[in-house]
Amino acid sequence: MSETQQAGQAPAHGGARAVAAASRHGVRTMFTLSGGHVFPLYDGAVKADPPMRIVDVRHEQTAVFAAEATARLARVPGLAALTAGPGVTNGVSAITTARFNGSPVVILGGRAPDYRWGAGSLQEIDHPRLLAPVTKRAWTEHEAGQVGQSVDEAFRLATARHRGPVFLDIAPEALFGPAGGAGPAGGAAPAGGAGPAGGAGPAGGADPAGGSSDKQDVPDADSMSAIAGLLMAACRPVLVLGSDVWLDGADQSARQAAEELRLPVIANGQGRGVLPSGHELLVTRARSVAFGQADLVIVAGTPLDFRLGYGEFGGRDAAPRAQVVHVADAPGQIATHCPLAASASGDLAAFFTGLATAAGPAAHGWASSWLPLLQAARDKAVTADAPLLSSDADPIHPMRIYGELAKVLDSDAVVIGDGGDFVSYAGKYIEPQRPGGWLDPGPYGCLGTGLGYAIAARISRPSAQVVLLLGDGAAGFSLMDADTLVRHQLPVVMICGNNGIWGLEKEAMQVLYGYDVAAELQPQCRYDQVVAALGGAGELVTSPAGIGPAIRRAFDSGVPYLVNVSTDPRVAYPRSTSGF
């Protein structure tokens, strides 16, 4: 169907052109919360051939989180449509999360009319000025005839390395108006220079991280040679695989390189599953020993942020500081806050293929000494944790939940974490069998991702198990969107670790001040009854023996089901950093 002829309309309105452009980029679902400013987008989606699926949620942040999870799971760009004013501002935390996660998401916003601009129209605010700091680009389109080109540009920018969110709001004259038609005469639009496709100038300018989605964007040969040289000279190397390894489609080449070079691997974020659980080279459970005694750490596809000690490795047990290599998908992602022995940027699949070629197939000493040491440390940690994973402690130790969950997870399950202490346990004890099977909020640490991620996971992986692990604090941010799961018939198993406190904060305040405030929640609050009242189902579990049967009932139910497990508030996740 031509984008200028749709359901008897000729020429097509701007909303139809926007939907047609999104469809050309592989978008099949629009996440939104109903608002008049974006009605033409809905009309365009309903009348498209084939129609674009519309999933309406209960809070705008959930719409953006769902779009972001679509991008992270399916590796196609996500789309959220937000109405003007509070519709857009409600999505800001989720858009920022997408920015930190490098998720290719396009957010199309409604906007107050140009011809009344400055007169105080309903929900009138210049969104791009707010969104510029947390997007790759943010701008306004004012012309109906340019909407399709601007939306196409937004998707091109979002999917270019380094990936990230792009915001485009569209004046109602352009969104409602026919292609080539003029908007109402009257007052002037907000000032702005010439921008992409003739719209108002980008509030944030070009993304400094920039990059290209061209698969021929091969890392520099000299950089590759330097990294290979460092690796061949190392005695105790470690390879860290982060989320961008998956998002850049480099998961297979990363696994192949690790196996050819016999490199011990630690997985971070969506790097989990690149080497499946139980793989001999996967030593994530020995990360303390690995990072403390390594002499070379190659970090690929993730920032050198608080999760990785800000890039400081080695120095344990009289070992010298490790040399650090940082590899990213775009030059702007290379760390500048710490000294690097070498770095490379570009197509991550090409990097791993080149590294395996340049550093192999010579025998590597670490395979006979260093690797067995880490494997022994990993196995010792697994053995030490076994009693707690099957603990009969009452009140319930949170680790028992993960021991029971592991018994019923399929190899293609999608596991989502949304919370603090409870989800920290998940990150430690859930090792996916396949890449693309893990989602957490990422380095921005924004709670409330869970329901949006779960919605997207069920749509993206219709035949897989979808498990959402919620802290009771995180549940308060998004649990109302269980209604969205019910209305759109999206069965998801939710497991809430309910200790009745803000665990991370309570523990930290006690350490700092000897007391705590604003850290208490309701003990055994019936979050399961909230889901049931919204049309799903659930139950409260108060004994260790009840966890496994409850989880199995949840999977068998075929509806959104929340297993609400009352856990011991005295058990705090052992951590060495809280990120500040």
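Above this note sits the structure.
Throughout what follows, the structure given in this document is the object of discussion. These numbers were taken from a predicted model, which means no experiment stands behind them.

## Side note on the overall build of the protein chain
Check the secondary structure of the protein chain and you find 22 helices and 17 strands. Expected size for 580 residues packed as a compact globule is a radius of gyration near 25 Å; at 25 Å, the protein chain falls within 12% of this value. In terms of overall dimensions, the protein chain has a C-alpha envelope of 75 × 60 × 45 Å along the principal axes. For the protein chain, the exposed area adds up to about 21,700 Å²; of that, 53% sits on carbon and sulfur atoms. Looking at the protein chain, you have 42 positive and 54 negative side-chain charges, and the mean spots of the two groups are 3 Å apart.

## Remarks on unusual backbone geometry
Most peptide bonds are trans, and most residues other than glycine sit at a negative phi. With omega at -10 degrees, the peptide bond leading from R161 into H162 counts as cis. Along the chain, H162 turns up in the loop between α7 (147-159) and β6 (166-170). In this chain, D394 is followed by P395 through a cis amide linkage whose omega measures 10 degrees. Within the secondary structure layout, P395 lies in the loop between α14 (370-389) and α15 (398-406). Even without a glycine there, the phi angle at Q489 is positive, about 55 degrees. Classification of Q489 by relative accessible area gives exposed; the value is 68%. At A518, a residue that is not glycine, the phi angle is positive and equals roughly 55 degrees. Its location among the elements puts A518 in the loop between α20 (503-513) and α21 (527-533). With relative accessibility at 75%, the residue A518 sits in the exposed group.

## What to know about a nonpolar patch on the surface
Together, L512, Y513, Y515 and V517 give the surface a local cluster of nonpolar side chains, amounting to about 470 Å² of exposed area. Residue Y515 is classed as partly exposed on the basis of its relative accessible area of 45%.

## Some points on the packing of α15 against helix α22 (residues 547-557)
Direction vectors running N to C along α15 and α22 enclose 50 degrees, while the axes themselves pass 9 Å from each other. As the angle between them shows, α15 and α22 are arranged oblique. Crossing angle aside, the handedness with which α15 passes α22 is right-handed. Every residue of α22 that contacts α15 at R400, I401, E404 and L405 is listed here: I547, G548 and I551. Looking at the contact of α15 with α22 residue by residue, the classes come out as four nonpolar, one polar and two charged.

## A few points about the pattern of salt bridges
Evaluation of the coordinates by the stated rule reveals 30 salt bridges. Across the pair D385 and R285 runs a salt bridge, and its minimum N-O distance is 2.1 Å. In this pair, D385 sits in helix α14 while R285 sits in the loop between β8 (265-267) and α12 (287-293), placing the two residues 100 residues apart along the sequence. Its salt-bridge partner being R378, residue D379 comes within 3.1 Å of it at the nearest N-O pair. Of the residues examined, R378 reaches a relative accessible area of 15% and is grouped as buried.

## Comments concerning the environment of A48
Here A48 is to be found in the loop between α2 (39-47) and β2 (53-56). Separated by 519 residues in the primary sequence, A48 and T567 place their C-alpha atoms 49 Å from one another.

## A few points about the packing of aromatic side chains
Counted according to the given criterion, the structure contains nine aromatic pairs. Measuring from centroid to centroid gives 5.9 Å for F65 and Y453, while their planes differ by 85 degrees, and the two rings are edge-to-face. Placement of the pair is F65 in helix α3 (residues 60-74) and Y453 in helix α17 (residues 450-460), with a sequence separation of 388 residues. Accessibility assignment for this pair places F65 and Y453 in one class, buried. Considering the side-chain rings of F351 and F352, the 5.2 Å spacing of their centres and the 70 degrees angle between planes classify their relative orientation as edge-to-face. The ring of W246 has R75 sitting right over it, with the charged end atom 3.6 Å from the ring centre. In this structure, R272 is placed above the aromatic ring of W438, and the distance from its NZ or CZ to the ring centre is 4.7 Å.

## A short note on the nonpolar core
Counting 57 residues, the largest nonpolar core has I227, L231, L241, V245, F313 and F352 as its most contacted members. What L231 contacts, discounting residues up to four positions off in sequence, is P237, L261, L263, L296, I298, L355, A359 and W366.

## Looking at the pairing of strand β5 (residues 137-141)
The buried fraction of β5 amounts to five of the five residues, a majority that puts the element mostly inside the structure. On β5, burial covers both faces: R137, W139 and E141 on one face and A138 and T140 on the other are all buried. Relative to β6, β5 is paired through five bridges, and the arrangement is parallel. Paired with T140 across the two strands is D169, which belongs to β6. Handedness of the crossover joining β5 and β6 through α7: right-handed.

## Re the side chain of H397
Mapped onto the fold, H397 is located in the loop between α14 and α15. A relative accessible area of 12% means that H397 is categorised as buried. In this structure H397 touches L388, S391, Y425 and V571, once residues within four positions along its chain are discounted.

## Considering the side chain of D114
Tracing the backbone through its elements, the reader meets D114 in the loop between β4 (105-109) and α6 (127-131). The charged side chain of D114 is buried without a salt bridge, its nearest counter-charge being R111 at 4.4 Å. A polar atom in the side chain of D114 sits 2.7 Å from the side chain of H142.

## Considerations on the sheet that holds β6
The six strands are arranged β2-β1-β3-β4-β6-β5 in an open sheet whose pairing can be described as parallel. Among the strands making up the open sheet, the edge pair consists of β2 and β5. The sheet shows a mean angle of 20 degrees between the axes of neighbouring strands, taken without regard to direction.

The rules we used
Residues numbered from 1 in each chain as written. Predicted model: local features only at pLDDT ≥ 70, side-chain atom pairs only at ≥ 80, totals over all residues. Heavy atoms only, no water. Helix = DSSP H or I, 4+ residues; strand = E, 2+ residues; numbered from the N terminus. Rg over C-alpha atoms; globule rule 2.2 N^0.38 Å. Areas by Shrake-Rupley, 256 points an atom, 1.4 Å probe, with all protein chains shown as cover. Lys, Arg positive; Asp, Glu negative; His and termini not counted. Charge placed at Lys NZ, Arg CZ, Asp CG, Glu CD. Buried < 20%, exposed > 50% of the residue type's maximum accessible area, 1.4 Å probe, protein only. Patch = residues over 30% accessible without salt bridge, like charges linked within 9 Å, V, L, I, M, F, W, Y side chains within 5 Å. Salt bridge = Lys/Arg side-chain N within 4 Å of Asp/Glu carboxyl O. Axes fitted to C-alpha atoms, helices over the stretch in contact; angles between N-to-C directions. Parallel < 35°, antiparallel > 145°, perpendicular 65-115°, else oblique. Left-handed = near helix turned anticlockwise from the far one by under 90°. Contact = heavy atoms within 4.5 Å. Nonpolar A, V, L, I, M, F, W, Y, C, P; charged D, E, K, R; others polar. Phe/Tyr/Trp six-rings, centres within 6.5 Å; stacked < 30°, edge-to-face > 60°. Lys NZ or Arg CZ within 6 Å of the ring centre and 35° of its normal. Core = buried A, V, L, I, M, F, W, Y, C linked by side-chain atoms within 4.5 Å. Pairing = 2+ DSSP bridges. Right-handed = clockwise from strand over helix to strand, strands pointing away. Polar contact = N/O pair within 3.5 Å; in protein donor to acceptor, adjacent residues only side chain to side chain.

Without other data, these values stay purely geometric and don't point to any function.
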